[in-house]
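Next come the chains, spelled out residue by residue.
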Amino acid sequence: MALLGDRESRLLIDGKLVSGGGGTFPTVNPATEEVLGVAADADAADMDGAIGAARKAFDETDWSTNVELRVRSIRQLQQAMRDHLEELRELAIAEVGAPRMLTSMAQLEGPIEDLSFCADTAESYQWTTDLGIAAPMGIKTHRTIAREAVGVVGAITPWNFPNQINLAKLGPALAAGNTIVLKPAPDTPWSAAVLGQLILDHTDIPAGVVNIVTSSDHAVGALLSKDPRVDMVSFTGSTNTGRAVMADGAATLTKVFLELGGKSAFLVLDDADLAGACSMSAFTASMHAGQGCAITTRLVVPRARYDEAVEAAAGTMAGLKPGDPNDGGTICGPVISALQRDRIQGYLDSAIAEGGTFACGGGRPADRDTGFFVEPTVIAGLDNNAKVAREEIFGPVLTVIAHDGDDDAVRIANDSPFGLSGTVFSPDEERAAGVAARLRVGTVNVNGGVWYSADMPFGGYKQSGIGREMGLAGFEEYLETKVIATATN
Ligand code: NAD
């Protein structure tokens, strides 16, 4: 069956594909501004039904205790996605504006294959630990620790890597035995809605275990954090929205797991290959038009070689023209919407207002009057106090900042409200490792090492989040711990 053949997606609630109480809303191709089709627009009543279905499935089916069913179901979903890979690829290119070459990595194929880690972990996990007999307070007791599902998970996701983020929540949450309501971003409803179709047609996942609620209204997602039937909210998005989720969840003390924004630093030490490192930094900052939370958007270089660094970064970025994401050679596609494009332009204007200059780029490309494109831009002449150095831009924009040695480089990197990721370049591995150890961030790339992998936990320090996604730590976020103490003779 062709996915989205009728160019209209539905909600998945309690095992049925249904229309939304709010009618429909369009999903738009950010490279062409064409309307691709429509998605069901859920209202508060739909969300209420989805939460009720997830609660009932958790409380009344054996999903949370039937590991074999869960493992089989996750593998079925994975296989269904593999079988529909090319349709999903075209969808990611059209709806997300994802450059085709990135769909073979974290934008699509990576997360599909990462589902194996979730199924394997559920299969091999030690769900109970026998601590044996002891006599605390003089009472002979047999102690067991059980790990079990948290319950109903509300998953709220952004638009930049929808497949990766939807699956990095669905996979471990389901493997751990939870039921879910997934509320994707309004900009990428189809990437989530197709999962509903695949789950219904190709898996044994019982009705109500997965519910997918697309909506144009952010307030519909906010209901998840306030509803006492939801045990945990797993959120990925901006830091400000994360704060709102946490505040909303406070009333019911709902467990919140937050993957938020970043303003990560790329540190080039004074013994590094400056041109090579700066070129890599510029390339990374341009990928998917800079719409990655962990992208290193502050390039921190030795002061004595500042101009050389700016030139190397700008030389690379100027060659990465924003292009059609369909084209296999495109690195920098469009940003997701006119709103994002205008937001980025606001940051570029602020850089000039604060005394910065553009070493390349600086606005919309002259040769593209349709599509939400922004030129890869290198900003020079500012320090770490500039607005563009402190706030997340979420566009292909790199700010080059001078440092006065390793201590100063570390100080600059850590002088940020965020703490998501970082990069260190130096041929002296011991020196680079020493600098990496001092960074207050969740992931560090040293000399081009790759931290993204199904078995590696990902997440942030400080205002970049609470908790870890992926890896064993990511799986265990979705578990509670129960101790059973049985008096014995
Ligand atoms: P966003 O915060 O605007 O929206 C994210 C999701 O939250 C969307 O589904 C939106 O509908 C929903 N939402 C909005 N208001 C809400 C509320 N009050 N309560 C509950 N849900 C609400 O983020 P975005 O613009 O879609 O995505 C970009 C942001 O996501 C960037 O800040 C980026 O750094 C971050 N991000 C972080 C990670 C990570 O793992 N740390 C990964 C990807 C993206």
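These numbers come from a predicted model, not from an experiment.

Draft legend 1. Quick peek at the overall build of the protein chain. In terms of helices and strands, the protein chain carries 15 helices and 23 strands. A compact globule built from 489 residues would reach a C-alpha radius of gyration of about 23 Å, and the protein chain, at 23 Å, matches this within 12%. The C-alpha extent of the protein chain, read off along each of the three principal axes, is 75 × 65 × 40 Å. Within the protein chain, the fraction of its 489 residues that count as buried is 57%. Considering only contacts within the protein chain whose residues lie at least 6 apart along the sequence, 73% involve residues at least 24 apart.

Draft legend 2. Spotlight on the domain arrangement of the protein chain. Looking at the assigned domains, one finds that the protein chain contains domain 1 (7-260 + 464-486) and domain 2 (264-453). Each of domain 1 and domain 2 has a C-alpha centre, and the two are 31 Å apart. The interface of domain 1 with domain 2 comprises 31 residues on the first partner and 30 residues on the second. Of the roughly 2300 Å² buried where domain 1 meets domain 2, counting both sides, 62% is carbon and sulfur surface. Three residues stand out in domain 1 for area buried against domain 2, namely Pro-30, Trp-159 and Ser-464, and they jointly supply 23% of the buried area on that side.

Draft legend 3. Up close: the nonpolar core. Among the nonpolar cores identified, the biggest contains 52 residues, and Met-81, Leu-170, Leu-174, Ile-180, Leu-182, Leu-195 and Val-210 are the most heavily contacted of them. Setting aside residues no more than four positions away along its own chain, Leu-195 makes contact with Leu-77, Met-81, Asn-166, Leu-167, Leu-170, Leu-182 and Ile-212. In terms of nonpolar packing, the next biggest core, distinct from the first, is built from 31 residues, Cys-332, Leu-348, Ile-379 and Ile-393 among them.

Draft legend 4. Examining the sheet that holds strand β7 (residues 141-149) more closely. The strand order β6-β7-β23 describes an open sheet built from three strands, whose pairing is antiparallel. Each end of this open sheet is capped by a strand with a single partner; those strands are β6 (128-134) and β23 (479-487). Recorded for the sheet is a direction-independent mean angle of 20° between the axes of neighbouring strands. Both β7 and β23 contribute to a ladder of nine bridges, which runs antiparallel. By the bridge assignment, Thr-144 is partnered in β23 with Ile-484.

Draft legend 5. Representation of empty space enclosed by the protein within the structure. Scanning the entire structure with this criterion turns up three cavities of 30 Å³ or more. The calculated volume of the largest cavity comes to roughly 140 Å³. Forming the walls of the largest cavity are 14 residues, and the residues nearest its centre are Asp-114, Cys-118, Ala-168, Pro-172 and Met-470. Put simply, the parts of the chain that give the lining of the largest cavity at least two residues each are α4 (109-124), α5 (162-175) and α15 (471-476). Broken down by element, the residue count for the lining of the largest cavity peaks at six residues, all from α4. Along the lines of polarity and charge, the residues of the lining of the largest cavity split into 10 nonpolar, three polar and one charged.

Draft legend 6. How the structure looks around the packing of aromatic side chains. This model, assessed by the stated rule, comprises seven aromatic pairs. Taking the centre distance of 5.4 Å and the plane angle of 75° together, the rings of Trp-159 and Phe-394 count as edge-to-face. One end of the pair, Trp-159, is in the loop between β8 (152-156) and α5; the other, Phe-394, is in the loop between α12 (387-390) and β17 (397-403), with 235 residues separating them in the sequence. Judged on exposure class, the residue Trp-159 and its partner Phe-394 are both buried. A centroid spacing of 5.2 Å and a plane angle of 15° characterise the contact between Trp-451 and Phe-458, whose relative ring orientation is stacked. Accessibility expressed as a relative area gives 14% for Phe-458, which makes it buried. Pairwise contacts between aromatic rings join Tyr-125, Trp-127 and Phe-475 into one cluster. The ring of Phe-373 carries the charged tip of Arg-368 above its face, separated from the ring centre by 4.7 Å.

Draft legend 7. Highlighting the site of the ligand. Near the ligand, the surroundings consist of 28 residues, among which His-218, Ser-238, Thr-241, Leu-260 and Glu-392 are the closest. Separating an oxygen atom of the ligand from a side-chain N or O atom of Thr-241 is a distance of 2.7 Å. The separation between an oxygen atom of the ligand and a polar side-chain atom of Glu-392 is 2.5 Å. Secondary structure elements with two or more residues in the shell around the ligand: α7 (218-226), β11 (232-236) and α8 (239-250). Across the shell around the ligand, the residue classes break down as 16 nonpolar, nine polar and three charged. Composition of the shell around the ligand by domain shows at least three residues from each of domain 1 (7-260 + 464-486) and domain 2 (264-453).

What counts, and where the lines are drawn
Residues numbered from 1 in each chain as written. Predicted model: local features only at pLDDT ≥ 70, side-chain atom pairs only at ≥ 80, totals over all residues. Heavy atoms only, no water. Helix = DSSP H or I, 4+ residues; strand = E, 2+ residues; numbered from the N terminus. Rg over C-alpha atoms; globule rule 2.2 N^0.38 Å. Buried < 20%, exposed > 50% of the residue type's maximum accessible area, 1.4 Å probe, protein only. Contact = heavy atoms within 4.5 Å. Domains from an automatic or database assignment. Buried area = accessible area lost by both parts, 1.4 Å probe. Core = buried A, V, L, I, M, F, W, Y, C linked by side-chain atoms within 4.5 Å. Pairing = 2+ DSSP bridges. Axes fitted to C-alpha atoms, helices over the stretch in contact; angles between N-to-C directions. 1 Å grid on protein atoms, 1.4 Å probe; cavity = no way out; pocket = protein on both sides within 12 Å on 5 of 7 lines; lining within 4 Å. Points joined across faces, edges and corners; volume = space filled by probe spheres on them. Nonpolar A, V, L, I, M, F, W, Y, C, P; charged D, E, K, R; others polar. Phe/Tyr/Trp six-rings, centres within 6.5 Å; stacked < 30°, edge-to-face > 60°. Lys NZ or Arg CZ within 6 Å of the ring centre and 35° of its normal. Near = heavy atom within 4 Å. Polar contact = N/O pair within 3.5 Å; in protein donor to acceptor, adjacent residues only side chain to side chain.

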